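# Architecture and fold: a report
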Amino acid sequence: MLDDDLAVVPEADAFLRHVRFGKDQAELTTRTYAGHIALYLRWCIRTGRDWRVAAEEFGLFVVWLKFGTKQVTGIDRPPGTGLVYPGPGAERAREPARIQNVLTGVRQFLLYGITTKAVPAHVMAQLYEVAENWDLPEQARGEVVTGYRMRPRHRVQVPRKKGERATDREIVALFLACHNARDRFIVLLLGRAGLRPGGAAGLRREDMHFMPDSTALGCTKQGSHLHTLRRDNPNGAWAKRQPTAAPGRWKPVDHLVVLAYDQYVLERMALPHGPESDFVLVNLFAEPLGAPMTTYSLGELLGRLSKRAGLSRRITPRMLRRAAGSNVADAGGG
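Bear in mind the structure is a predicted one, so any value in this text is a computation, not a measurement.

## Digging into the overall build of the chain
A tally of regular secondary structure across the chain gives 13 helices and five strands. By sequence separation, contacts in the chain at least 24 residues apart represent 57% of the contacts at least 6 residues apart. When the accessible surface of the chain is totalled, it reaches about 19,000 Å², and 54% of it is carbon and sulfur.

## Re the pairing of strand 4 (residues 225–228)
Along strand 4, one buried face is formed by His 225 and His 227 and the opposite face, lined by Leu 226 and Thr 228, is buried too. With two bridges joining them, strand 3 (residues 208–209) and strand 4 adopt antiparallel strand pairing. Residue His 209 lies in a different strand from strand 4, and its bridge partner there is His 225.

## Quick word on the sheet that holds strand 5 (residues 249–252)
Read from one edge of the open sheet, three strands run 3-4-5, paired in antiparallel fashion. With one partner strand each, in any of the chains shown, strand 3 and strand 5 form the two edges of the open sheet.

## What to know about helix 11 (residues 255–269)
Between its terminal C-alpha atoms helix 11 stretches 21 Å, which fits the 21 Å expected from 15 residues at 1.5 Å a residue. The complete set of buried residues in helix 11 reads Val 257, Val 258, Ala 260, Tyr 261, Tyr 264 and Arg 268. Seen from one end, helix 11 has its buried residues packed into an arc of 160 degrees, which puts them on one side. Residues His 255 and Leu 266 are exposed on helix 11 and point more than 90 degrees away from its buried face. On its buried face, helix 11 sits against helix 9 (181–192) and strand 3.

## Some thoughts on the nonpolar core
Of all hydrophobic cores here, the largest spans 41 residues; its most connected members are Phe 185, Leu 189, Tyr 264 and Leu 281. Secondary-structure elements contributing two or more residues to this core are helix 8 (168–177), helix 9, helix 10 (197–201), helix 11, helix 12 (295–308) and helix 13 (317–330). Among the elements that make up this core, the one with the highest residue count is helix 9 (seven residues). Ignoring anything within four residues of it in the chain, the contact list for Leu 189 reads Gly 194, Leu 195, Ala 200, Leu 203, Leu 226 and Leu 281. One finds Trp 43, Trp 64, Val 72 and Ile 114 within the second-largest nonpolar core, a separate group that totals 35 residues.

## Re the pattern of salt bridges
Opposite charge on two side chains makes pairing possible when the charged atoms of those side chains draw close. With the rule as written, the count across this model stands at 15 salt bridges. The residue Arg 52 makes a salt bridge to Glu 11 at a minimum N-O spacing of 3.5 Å. Residue Arg 52 is located in the loop between helix 2 (27–46) and helix 3 (58–67), and its partner Glu 11 is located in helix 1 (residues 10–22); the two are separated by 41 residues in the primary sequence. What you see here is one network of salt bridges that share partners, running through Glu 11, Asp 50 and Arg 52.

## Looking at the packing of aromatic side chains
Under the criterion given, the structure shown has 14 aromatic pairs. Centre to centre, the rings of Phe 61 and Trp 64 are 6.2 Å apart; their planes meet at 25 degrees, and the pair counts as stacked. A residue pair is termed a helical-turn pair when its members lie 3 or 4 positions apart in one helix, as Phe 61 and Trp 64 do in helix 3 at three residues. Of the two residues, Phe 61 and Trp 64, both sit in the buried class. Here the aromatic cluster, defined as three or more aromatic residues joined through ring pairs, consists of Phe 15, Tyr 33, Trp 51, Phe 109 and Tyr 112. The lysine or arginine in question, Arg 204, covers the ring of Phe 279, its NZ or CZ lying 4.0 Å from the ring centre.

## What about the packing of helix 2 against helix 5 (residues 96–115)?
Where helix 2 meets helix 5, the axes come as close as 8 Å, and the angle between the chain directions of the two elements is 85 degrees. Of the possible angle classes, the one that applies to helix 2 and helix 5 is roughly perpendicular. Residues Tyr 33, His 36, Ile 37, Leu 39, Tyr 40 and Leu 41 of helix 2 form the contact with helix 5, whose participating residues are Arg 98, Asn 101, Val 102, Gly 105, Val 106, Gln 108, Phe 109 and Leu 110.

## Topic: the packing of helix 1 against helix 5
Close contact between helix 1 and helix 5 brings their axes to 10 Å; oriented N to C, the two are set at 105 degrees. In terms of orientation, helix 1 lies roughly perpendicular with respect to helix 5. Contacts between helix 1 and helix 5 involve Glu 11, Ala 12, Ala 14, Phe 15 and His 18 on the former and, on the latter, Gln 108, Phe 109 and Tyr 112. Of the residues assigned to the contact of helix 1 with helix 5, the class counts are five nonpolar, two polar and one charged.

## What about unusual backbone geometry?
Look at the link from Glu 287 to Pro 288: it is a cis peptide, with omega at -5 degrees. With respect to the helices, strands and loops of the structure, Pro 288 is situated in the loop between helix 11 and helix 12. One non-glycine residue, Lys 117, lies in the positive phi region at around 65 degrees. Here Lys 117 is to be found in the loop between helix 5 and helix 6 (123–127).

Reading guide: rules and limits
Residues numbered from 1 in each chain as written. Predicted model: local features only at pLDDT ≥ 70, side-chain atom pairs only at ≥ 80, totals over all residues. Heavy atoms only, no water. Helix = DSSP H or I, 4+ residues; strand = E, 2+ residues; numbered from the N terminus. Contact = heavy atoms within 4.5 Å. Areas by Shrake-Rupley, 256 points an atom, 1.4 Å probe, with all protein chains shown as cover. Buried < 20%, exposed > 50% of the residue type's maximum accessible area, 1.4 Å probe, protein only. Pairing = 2+ DSSP bridges. Expected span 1.5 Å × (residues − 1). Arc of directions from axis to C-beta. Core = buried A, V, L, I, M, F, W, Y, C linked by side-chain atoms within 4.5 Å. Salt bridge = Lys/Arg side-chain N within 4 Å of Asp/Glu carboxyl O. Phe/Tyr/Trp six-rings, centres within 6.5 Å; stacked < 30°, edge-to-face > 60°. Lys NZ or Arg CZ within 6 Å of the ring centre and 35° of its normal. Axes fitted to C-alpha atoms, helices over the stretch in contact; angles between N-to-C directions. Parallel < 35°, antiparallel > 145°, perpendicular 65-115°, else oblique. Nonpolar A, V, L, I, M, F, W, Y, C, P; charged D, E, K, R; others polar.

Nothing here speaks to function; it is all geometry.
Written as structure tokens, this is what we have:
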């Protein structure tokens, strides 16, 4: 994390190291936090505030985020000294959910600063207020019927909306638009097993337990299933929120996924570069041949398939994941 003079901001740098290595968060999560902190520090510098105690005026920071254009909030310095910052009445520059995420990241940064004594302790009262727990769901209250909790002082109303999911008709259209067994397997893997993009791109061949009994592999789980483990992968794939102990999280798969995988393996092993990598999903027809696919390439593949299938919208990996979850819920599953 560098300031406008390209000097390292030690407090921000220490926090990001803590997120990445101390809390074992994903590299993408760390990069997201870095973007949040950069916006906060940029606001402080350009408005003449000390970032350590500027939380007292968080409301002004929210307005800056809400209406600040790229010219105002971007990395380049605003031209001239008489720039008037936009405010209420101007066109919104960021959605409420985006602003809420930035505030959450900045609060975590300042809390870390309080614990390391880089930020004054009284800033805690600028960030949080004491509130009753009556507005929390019953499951979140624990055994205490009436209690108190720390609630952020500054909040943004985020409209609740249900995440978009791919319909069964769209999934079938994607499947029929595939030109090879690998792409068909990817569609079924995401659409029926419900893997996250990072979990799918990080799969190794040893994770695929597609047999009725996997005892010979040292696995006690019965039926066809796969495991997603958190690893440091060269393609940047990162399994999210995994148990610390092996064999990690596991997911059952049905016969359609197993059959698609068998066809994919036959297709892959017939190519000279097919057996090179231990990753399940590899580049078979595009450079670099034999290299593991990335989460970005999975999204690009689904974008091409959506266009080829003539769909009215672009289907993403997460829309396939939501489809899998919705189908399980509709069938009475947990």
